[in-house]
Amino acid sequence: MLKPVRKGLPEDEDGGGEVEKLIKSAGHQPSSKAEEAHTVDHKTVLAKLNSHLLWKFFALTVLCYIDRTNLAFAAIQLNKNLGFTEHIYGVGASIFFVGYSICQIPSNLILVRVGAPLWLSVLIVSWGIVATAFAAINGKWMFYILRLLLGATESGTFPGMWYHLSTFYTDKEIGVAYSYVSAGTALSQVIGAPLAAGLLALDGWLGLAGWQWLFIVEGIPTVLMGLYTKVSLAESPAKASFLTPAEKAWLQQRHAESKAAKTMAGVEVSAWGAVQNWRTWYLAVINLCDSTVKYAIIYWCPLIIYHMVGENMPHTAGEAVVPHDALVALLTALPFGFAALFMLVNARHSAATGERRWHVTIPLAISSLALAGLAHTMEHSPSLAFLSLLVATLAWAPNGIMYSYPATFLQGAAAATGVALINSIANVGGMIGPYLIGTFKHSKGDYSTAIMVLSGLSAFTCILTANFSEPPELKMEKDASNKKSHDMAV
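What counts and what doesn't
Residues numbered from 1 in each chain as written. Predicted model: local features only at pLDDT ≥ 70, side-chain atom pairs only at ≥ 80, totals over all residues. Heavy atoms only, no water. Core = buried A, V, L, I, M, F, W, Y, C linked by side-chain atoms within 4.5 Å. Buried < 20%, exposed > 50% of the residue type's maximum accessible area, 1.4 Å probe, protein only. Helix = DSSP H or I, 4+ residues; strand = E, 2+ residues; numbered from the N terminus. Contact = heavy atoms within 4.5 Å. Expected span 1.5 Å × (residues − 1). Polar contact = N/O pair within 3.5 Å; in protein donor to acceptor, adjacent residues only side chain to side chain. Phe/Tyr/Trp six-rings, centres within 6.5 Å; stacked < 30°, edge-to-face > 60°. Lys NZ or Arg CZ within 6 Å of the ring centre and 35° of its normal. Salt bridge = Lys/Arg side-chain N within 4 Å of Asp/Glu carboxyl O.

1. A closer look at the nonpolar core
Phase 1 of the analysis: Counting residues in hydrophobic clusters, the biggest one holds 134 residues, and the most contacted among them are W162, L165, Y169, M308 and W396.
Phase 2 of the analysis: At 18 residues, helix α3 (residues 42-82) tops the list of elements feeding residues into this core.
Phase 3 of the analysis: Those residues in contact with W162 that sit more than four places away from it in its chain are I174, Y178, Y403, P406, A407, A415 and V419.

Printed below as a string of structure tokens:
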């Protein structure tokens, strides 16, 4: 059974000597907080970490999701050009997550062994090449194979970024830090939507369809970012050239102290320990349900909006109108802009108040109600349906907070394995969500039934999160000491 981490280990207790030995064995001598304060400004160090790490990982997240989900925009033309049914599209959107889920754990274990700069760059360059190759699709089987390969090459990106951040940030800081990274999942749609609108408008230029331009133009920058990651990303605090020697020592010192305290408290450190820990599996189920809803929205949002607006726009002869495909792509940007805003505001408020549970549960409950409203209004009131869709993106609000949980009961190889396991199971939702909507749309002729299922699943996720039990002494405290995360200069 998992033992809680004790917040303090008095020097006169036996455990104090053990912690000091563990810290010394890591190559650091313990120093007082007063000494640290004289040599290192904590906020300055965090600001440096943010400026070096977060923008790179945010950019990777945006590229990752653009390459993963640009299919949703391409489908407006691609399905017509290649004769793909809703069922073929749903299978193709879903099969990505077969390769993605299978390869996550081995990918993260490789990253721990060879380092983040090398392994992340290998993954990024590989997925960029595969993403660009989508322009050559000529049938459903090539479509399926490329989606499978894209999932395999992208698989280690998010657990790898999370693990790398955990070597620089504490478990209290990583929630806010990861929120800024994961905000890219929503903002990728805000950036990708107008970009897709422009690229789809190139339909026919140089003999290529608009959807082919979409894959080519959005795939090449990913390859370049992968090469840049190799030469620019710091492998560890000790090798971070942007830090002074004192700042490096401080980061290593606090990491060693945290590791020692967690080790003494029985926190899981082995890969097998993470697999055996019930909290790992509980969070995996929560994230599975949550991802099913979000991926369904991501992959079908343009087509749902297309359905709501209507497939034909009335206009007078000779009147210049915005191409309908481009209009749909632009409208799709709005819900995901709200999603990114919800995510960042919620994460910072959680850090400021020292509360996690209700910052996860309440947005999910509201999202569930909004999805139900969308299902009941989309056929007769497009305006109300679109408003419901905007509110439903509150499903993204808990993202960073949910990914701060694993750091409270896992560390080292256990954290790498546990997060990869959680993420791999969660992304099975990427298979279920798109396939669910495609199947219901094909059999029922509308989206309402499928969206009601998503509403119920969001409500179930809400119940699970409300009943999740954090390690008792690792619960976020509602005092000023925990507001350091809120003060991070991002």
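2. Remarks on helix α6 (residues 140-154)
Phase 1 of the analysis: Spanning 15 residues, α6 covers 21 Å between terminal C-alpha atoms, matching the ideal 21 Å at 1.5 Å per step.
Phase 2 of the analysis: Of all the residues in α6, the buried ones are F143, Y144, L146, R147, L150, G151, T153 and E154.
Phase 3 of the analysis: Looking at the buried positions of α6, the neighbouring elements they touch are α3, α4 (86-114), α5 (116-133), α7 (157-166) and α12 (278-309).

3. A short note on unusual backbone geometry
Phase 1 of the analysis: Its identity is not glycine, yet L206 carries a phi of approximately 55°, on the positive side.
Phase 2 of the analysis: Judged by its relative accessible area of 62%, L206 is exposed.

4. Things to note about the environment of S121
Phase 1 of the analysis: Relative to the assigned elements, S121 resides in helix α5.
Phase 2 of the analysis: Given the relative accessible area of 7%, S121 is considered buried.
Phase 3 of the analysis: Here the alpha-carbon distance between S121 and L224, two residues 103 residues apart in the chain, equals 9.6 Å.
Phase 4 of the analysis: Not counting residues up to four positions away in its chain, the partners in contact with S121 are A116, G226 and K230.
Phase 5 of the analysis: Reaching out from S121, the side chain makes a polar contact with the backbone oxygen of L118 at a distance of 2.6 Å.

5. Some remarks on the packing of aromatic side chains
Phase 1 of the analysis: Considering all chains together, one arrives at 18 aromatic pairs under this definition.
Phase 2 of the analysis: Ring centres of W278 and F468 lie 6.4 Å apart, and the angle between their planes is 55°; this geometry places the pair in the tilted category. Taken together, the residues span a long stretch of sequence, with W278 in helix α12 and F468 in the segment after α19 (448-466) at a distance of 190 residues.
Phase 3 of the analysis: Its relative accessible area of 38% is what places W278 among the partly exposed residues.
Phase 4 of the analysis: Members of the aromatic cluster, connected to one another through ring pairs, are F84, W141, F143 and Y144.
Phase 5 of the analysis: Sitting over the face of the ring of Y447, K441 holds its NZ or CZ atom 5.4 Å from the ring centroid.

6. A closer look at the side chain of T417
Phase 1 of the analysis: Along the chain, the position of T417 falls in helix α17 (residues 413-426).
Phase 2 of the analysis: Leaving out residues up to four positions away in the same chain, T417 has contacts with I105, L109, A271, A274 and V275.

7. Remarks on the pattern of salt bridges
Phase 1 of the analysis: In total, this model carries three salt bridges according to the counting rule given.
Phase 2 of the analysis: One salt bridge in this structure joins E235 and K239, with 3.8 Å as the shortest N-O distance.
Phase 3 of the analysis: Overall, the relative accessible area of 37% leaves E235 in the partly exposed class.
Phase 4 of the analysis: With its nearest N and O atoms 2.8 Å apart, the salt bridge here joins K294 to D290. You can see K294 and its partner D290 sitting in helix α12, four residues apart, about one turn around the helix.

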